[in-house]
Amino acid sequence: QVQLVESGGGLVQAGGSLRLSCAASGSIFRIYTMGWYRQARGKQRELVAVIASGGSTNYADSVTGRFAISRDNAKNTVYLQMDSLKPEDTTVYYCKLQNMSPLKTLNGYWGQGNQVTVST
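Summarised in this report is the structure supplied together with it. As the structure is a computational prediction, the values presented were derived from the model and not from experiment.

The next thing to look at is the overall build of the protein chain. Of the regular secondary structure elements, the protein chain holds zero helices and 11 strands. Listing each helix as α and each strand as β along the protein chain from the N terminus yields β-β-β-β-β-β-β-β-β-β-β. Over its C-alpha atoms the protein chain spans a radius of gyration of 14 Å, differing by no more than 12% from the 14 Å that the globule rule assigns to 120 residues. Taking the principal axes of the C-alpha coordinates as reference, the protein chain spans close to 50 × 25 × 25 Å. Put simply, the protein chain has 120 residues, and 39% of those count as buried. Considering only contacts in the protein chain between residues 6 or more positions apart, those separated by 24 or more positions represent 55%.

See the structure below:
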């Protein structure tokens, strides 16, 4: 099993910044991707940003230019730097890791979720 521990959420004023962290531990064979998703109440979980093992990144249009994803491979940790935050960014953010097994299968694991609240 793989465990993900998130940290860094909280309350910030519009225009401010927060940094989320997600540390992975456990039976990690090879990390394929790590990413951040968010889910507003009553809506589907949506991709915010993802980073592949080679370092390539992908962002949702709504956060491009404001958020930056990065990872520390030595620490199995992924970060999400969130700048110029807007009230519509308020929701729960989830970390996700895709672990490639020795049999070349991909297994997905989720963090516990971290509330981000942006006030006007």
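Moving on, there is more to tell.
As a further point, take the sheet that holds strand β1 (residues 2–7). The antiparallel open sheet is built from four strands, whose spatial order is β1-β3-β8-β7. In this open sheet, the two strands that pair with only one neighbour each are β1 and β7 (67–72). Sheet twist, expressed as the mean angle between neighbouring strand axes with direction ignored, is 15 degrees. Here strand β3 (residues 18–26) pairs with strand β8 (residues 77–82) via six bridges, running antiparallel. Looking at the pairing, R19 lines up with Q81 of β8.

Rules behind the numbers
Residues numbered from 1 in each chain as written. Predicted model: local features only at pLDDT ≥ 70, side-chain atom pairs only at ≥ 80, totals over all residues. Heavy atoms only, no water. Helix = DSSP H or I, 4+ residues; strand = E, 2+ residues; numbered from the N terminus. Rg over C-alpha atoms; globule rule 2.2 N^0.38 Å. Buried < 20%, exposed > 50% of the residue type's maximum accessible area, 1.4 Å probe, protein only. Contact = heavy atoms within 4.5 Å. Pairing = 2+ DSSP bridges. Axes fitted to C-alpha atoms, helices over the stretch in contact; angles between N-to-C directions.

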